[in-house]
Structures are given as structure tokens and as C-alpha cells.
Amino acid sequence: MAKDFLKDLKDAGNSPVMLYIRFLQEYKLAEKALHLFIEGNDDPSFYTNYISNLAGANYQLYFYNSKNKSGVYENYSKIDWSSHNKNRVLFFVDKDYSDILKLRYPTDENLFVTKYYSIENYLVNEQIVRRILTDLIHITEPKKINSILQKFKEEHKTFCCNMVLITAWIIYHRQKGSNIALGNINLSHIFQFDSELQILKLDSPQGKKLLDYLNEKTSNPDSSNCWKSVRSIYLELLKINEDKIHLRGKFEIWFLVAFINALITNLNSNRKKGEPKTKMNVNLSNSNAVALLATRLNIPSDLKTFLSTNITKINP
């Protein structure tokens, strides 16, 4: 009985209706507060530090996890803006494929949409790799760091080029309305780093053709010949200069984590006798990368503009 009660209580607290009711209650609690509607669990790890630094320590932050993009926009549409200050109530969503699929969503001064596919894409760059090397692996020699950064840049470009076809396949199914489980795709089955730290695309992931592998992992029953349509999308994607616009953020995070792990393996296999092993003092993984790395990233320019504009209006 107690477990059922706690479950019901938890479910009620997470429902869209209760989330909105909680906002109405908390909005009245303090003037120096920002109310932040987000998509998922990683968002506070990414946004909190930037918001707190710009707003100041006196501002209380209230987060409302809407579970997905639709939930964020649904809550936006519910609020009576004649009685609520827009600049105190901010909404954060990932762009994902909405622009490519030509999906229309509301726009407003208190709605932030990532310029890349998702927040994770902001975290994969040379600045973050440099911080990982110095902060977490304790490599401080400039020549060594610069060499690793150059290698990262080269292999990242190779990875992005190889991912365009997979992205085109995903967009094809998004256009069809197929519900494919992208979280089941393990890029370690498709790519691997060799002893020279080069990323290689495997010809037969788990002994299958790429299409068969993708279909099986995403529980997609469509076995039709879709490559003509996929190729058409692929050619359109090649016209986009910035890979992060369409590269799924969690896939790009996979590359970063895999590169760092391969780097450590590579350095240890080539260390001289008596030289200490290279290791990280924390376990960097796909699941904790946002939490570990967001505070090591300079605030993205588009996010800084959005936050500064809204915060200035409530705290001139």
C-alpha cells in the first residue's frame, strides 16, 4: 500500500498538469527567481552554471522538467503572459531536426533553441579536449597537447563525414513518422579507433550490412530498399557546412568519449619502461559527460545573448 501511494505521488508530481500547477505556486514565492522549463535530466547540468553566473547568486532557480520538447512548448502555451513576466520564465529546447524537417514551433524572446542539434554538440570541441587533457588526465606539455588536439580535429572530421549517411537514414524515418529507438544504436559496433588513433568505419557491424544492423537495433521492421531516398537526403545534408547542425548530440559525445579512451590506451601502450601509466581521475562516460564537462565550457555565444537579454530586462 505504501509503495503504491509513493508511486502515485511520484507520477502525479511528474504529470504535465502538476508541473504547471507547481509553476503557478512557485512563481509567487520570490521576485528574485527564474523559472526554467527544460526537456530532460541533463539540462540543469548544462544550463545552471551559465544562468547563475549571469543572474547572480541572489536569484533562485526553479527547474521544470517537461520530459521532451512537446512538453516544454505545451507549458509555454498554458501560461497567461498578461500576469507573468516573460523574462522571468525561460524555456529551453534542443533544435534536433526541426529545421530540416521544416517543423514549426512558437518563437519568443524567452524561448531558447540550440543552434546545433542538441546541447551535447556544444561540448565537443578543441576547448573541451584541452580541458580534459589538463584537468582530468593531467597532461600539461604544450607540444603534446597541440599534437593531440590536431589528431582530435582530423578524426572528428572523419567521424562527422561518416555519420552523414546514418543521419540521412534517421531523417528518412523521421519524415515517415517511424518510431525508431536511436538509443539502441551502439556506435562502437560501427566505428573503432586503431593503434594510431585513427577512427575506422567497420564494413560489417556485428557481421551485418549497415542497414540490417540499424534496422535490428532500432526495432525497425522496414526492410524495403530505402537507400535511394536516403541518398537524396544525404546529398542535401552535404550542403550544410556545419556538421553539428544535423549530427545527433549523443552520437558526437560518443566520439569524444571514445577518442579520449582510445588516447589513454594508445599512450599507455607506447609508454617507456618505468614511465607512469596515463589515467583519468574520474570516469568519463556517455552518461555523465554533460555533468562533467559543461562547467569546463565557456558559455556559448547564442546562449549568452539569450540569457543576457532576458536577465537585463528583469535586473537592469
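In the block above lies the structure referred to throughout.
Summary of the structure given here. Residue positions within a chain follow its written sequence, with the count starting from 1. Confidence filtering applies because this is a predicted model: local features only for residues at pLDDT of at least 70, side-chain atom pairs given and counted only at 80 or more, and all residues used for totals across whole chains, interfaces and linings. As a convention, hydrogens and water are excluded, and side-chain values are obtained from all of the structure's heavy atoms.

Some thoughts on the overall build of the protein chain
Here is step 1 of the chain: Each helix and strand counted, the protein chain has 12 helices and six strands in total.
Here is step 2 of the chain: Each principal axis of the C-alpha distribution contributes one length, and for the protein chain these read about 65 × 55 × 50 Å.
Here is step 3 of the chain: Of all 316 residues assigned to the protein chain, the portion counted as buried reaches 47%.
Here is step 4 of the chain: Residue contacts are defined here by distance: any two heavy atoms, one from each residue, within 4.5 Å place the two residues in contact. The contacts of the protein chain with a sequence gap of at least 6 include a subset with a gap of at least 24, amounting to 75%.
Here is step 5 of the chain: Looking at charge distribution, the protein chain has the averaged site of its 42 positive side-chain charges lying 3 Å from that of its 33 negative ones. Each helix is a run of DSSP H or I of at least 4 residues and each strand a run of E of at least 2, with the numbering of both proceeding from the N terminus. Burial classes: relative accessible area under 20% of the type maximum marks a residue as buried, over 50% as exposed, and values in between as partly exposed (1.4 Å probe, protein chains only). The charge count includes Lys and Arg as positive and Asp and Glu as negative, but it does not include His or the ends of the chains. By convention, the point assigned to a charge is CZ for Arg, NZ for Lys, CD for Glu and CG for Asp.

Quick look at the pairing of strand 1 (residues 33-38)
Here is step 1 of the chain: Strand 1 sits mainly inside the fold: six of its six residues count as buried.
Here is step 2 of the chain: With burial as the criterion, each face of strand 1 is covered, one bearing Ala-33, His-35 and Phe-37 and the other bearing Leu-34, Leu-36 and Ile-38.
Here is step 3 of the chain: By convention, a crossover is right-handed whenever its connection, traced from the first strand over the helix to the second and viewed with the strands pointing away, goes clockwise. Each parallel crossover has a hand, and for strand 1 linked through helix 3 (residues 43-55) to strand 2 (residues 60-65) it is right-handed.
Here is step 4 of the chain: Between any two strands, at least two bridges found by DSSP are needed for them to pair. As defined by bridge partners, strand 1 adjoins strand 3 (residues 89-93) across three bridges and the pair is classed as parallel. Looking across to strand 3, one finds that Phe-37 is bridged to Phe-91.

A closer look at the sheet that holds strand 2
Strand pairing in a sheet is mediated by backbone hydrogen bonds. Such pairs are either parallel or antiparallel.
Here is step 1 of the chain: The strand order across the open sheet formed by four strands is 2-1-3-4, and the pairing between neighbours is parallel. If you trace the sheet from one side to the other, it starts and ends with strand 2 and strand 4 (111-113), each paired once. Direction aside, neighbouring strands of the sheet carry axes that sit 20° apart on average.
Here is step 2 of the chain: Here six bridges tie strand 1 to strand 2, and the two strands are oriented parallel to one another. Bridging from a neighbouring strand, Ile-38 pairs with Asn-65 of strand 2.
Here is step 3 of the chain: Sitting on the sheet, helix 4 (residues 69-78) touches strand 1, strand 3 and strand 4, and the angle it makes with strand 3 is about 155°.
Here is step 4 of the chain: Contacting strand 1, strand 3 and strand 4, helix 12 (residues 301-314) crosses the sheet at an angle of about 170° to strand 3. Working convention: axes come from line fits to C-alpha atoms, limited for helices to the stretch in contact. Angles between N-to-C directions cover 0 to 180 degrees.

A word on the packing of aromatic side chains
Here is step 1 of the chain: Here a pair means two rings of Phe, Tyr or Trp (six-membered ring of Trp) with centres within 6.5 Å. Their orientation is stacked below 30 degrees between planes, edge-to-face above 60, and tilted elsewhere. A complete count under the given rule lists 29 aromatic pairs for this structure.
Here is step 2 of the chain: Here Trp-81 and Phe-91 contribute two aromatic rings whose centre-to-centre distance is 6.1 Å and whose plane-to-plane angle is 80°, an arrangement assigned as edge-to-face. Placement of the pair is Trp-81 in the loop between helix 4 and strand 3 and Phe-91 in strand 3, with a sequence separation of 10 residues.
Here is step 3 of the chain: Among the aromatic residues, ring-to-ring pairing joins Tyr-20, Phe-23, Tyr-27, Phe-37, Tyr-64, Tyr-76, Trp-81 and Phe-91 into one connected group.

Comments concerning the layout of surface pockets
Here is step 1 of the chain: A volume near 620 Å³ is recorded for the largest pocket.
Here is step 2 of the chain: Think of a 1 Å grid over the protein atoms and nothing else: a 1.4 Å probe that fits but is trapped marks a cavity, an open set flanked by protein within 12 Å on at least five of seven lines marks a pocket, and residues with an atom within 4 Å of a point count as lining. Around the largest pocket, the lining is made up of 24 residues, and of these Glu-39, Asp-94, Asp-96, Tyr-117 and Arg-174 lie nearest the centre.
Here is step 3 of the chain: For the lining of the largest pocket, the secondary-structure elements that each account for two or more residues are helix 4, helix 5 (119-122) and helix 10 (249-269).
Here is step 4 of the chain: Residue polarity follows a fixed list, in which Ala, Val, Leu, Ile, Met, Phe, Trp, Tyr, Cys and Pro are nonpolar, Asp, Glu, Lys and Arg are charged, and the others, Gly among them, are polar. Considering only residue class, the lining of the largest pocket consists of seven nonpolar, seven polar and 10 charged. Grid points are joined across faces, edges and corners, and a volume is the space filled by probe spheres set on the points.

A look at helix 3
Here is step 1 of the chain: Multiply 1.5 Å by the residue count of a helix minus one, and that product is the helix's expected span. Relative to the 18 Å expected for 13 residues at 1.5 Å per residue, helix 3 spans 17 Å between its end C-alpha atoms, a close match to the ideal helical length.
Here is step 2 of the chain: Those residues of helix 3 that sit buried are Asp-43, Phe-46, Tyr-47, Tyr-50, Ile-51 and Ala-55.
Here is step 3 of the chain: Just beyond helix 3, the residue with positive phi is Gly-56, at close to 105°.

What about the pattern of salt bridges?
Here is step 1 of the chain: Here, a salt bridge means any Lys or Arg side-chain nitrogen found within 4 Å of an Asp or Glu carboxyl oxygen. The tally for this structure, following the rule as stated, stands at 15 salt bridges.
Here is step 2 of the chain: Taking the shortest distance from any N to any O, the salt bridge between Glu-109 and Lys-313 comes out at 2.7 Å. Of the two residues, Glu-109 is situated in the loop between strand 3 and strand 4 and Lys-313 in helix 12; the sequence distance between them amounts to 204 residues.
Here is step 3 of the chain: Residues participating in the shared-partner salt-bridge network are Arg-131, Asp-135 and Arg-296.

Let's talk about unusual backbone geometry
Here is step 1 of the chain: You will see that Lys-102, though not glycine, has its phi angle at about 60°, which is positive.
Here is step 2 of the chain: Following the sequence through the fold, Lys-102 ends up in the loop between strand 3 and strand 4.
Here is step 3 of the chain: A positive phi angle, near 70°, is found at Leu-197, a position not held by glycine.
Here is step 4 of the chain: Structurally, the position occupied by Leu-197 is in the loop between strand 5 (191-193) and strand 6 (199-201).
Here is step 5 of the chain: On the basis of relative accessible area, Leu-197 is assigned to the buried category, the value being 6%.

Looking at the side chain of Asn-65
Here is step 1 of the chain: Its place among the elements puts Asn-65 in strand 2.
Here is step 2 of the chain: Contacts described as polar in this section are N or O atom pairs within 3.5 Å, which, within protein, must combine one atom able to donate a hydrogen with one able to accept it, while residues neighboring in sequence count only if both atoms come from side chains. Polar contacts involving the side chain of Asn-65 include one to the side chain of Asn-41, which spans 2.9 Å.
Here is step 3 of the chain: Excluding anything up to four places from it in sequence, Asn-65 contacts Leu-19, Ile-38, Glu-39, Gly-40 and Asn-41.

Things to note about the nonpolar core
Here is step 1 of the chain: Ranked by size, the top nonpolar core spans 85 residues in total, and within it Phe-46, Phe-92 and Ile-132 carry the most contacts.
Here is step 2 of the chain: It is helix 7 (residues 142-176) that contributes the most residues to this core, 14 residues altogether.
Here is step 3 of the chain: In this view, Ile-132 contacts Ile-137, Leu-256, Ile-260, Met-280, Leu-284 and Leu-293; residues no more than four positions away in its chain are not counted.
Here is step 4 of the chain: Residues belong to a common nonpolar core when they are buried Ala, Val, Leu, Ile, Met, Phe, Trp, Tyr or Cys residues joined through side-chain atoms within 4.5 Å. In this structure, Leu-19, Tyr-64, Tyr-76 and Val-93 belong to the second largest nonpolar core, which totals 16 residues.

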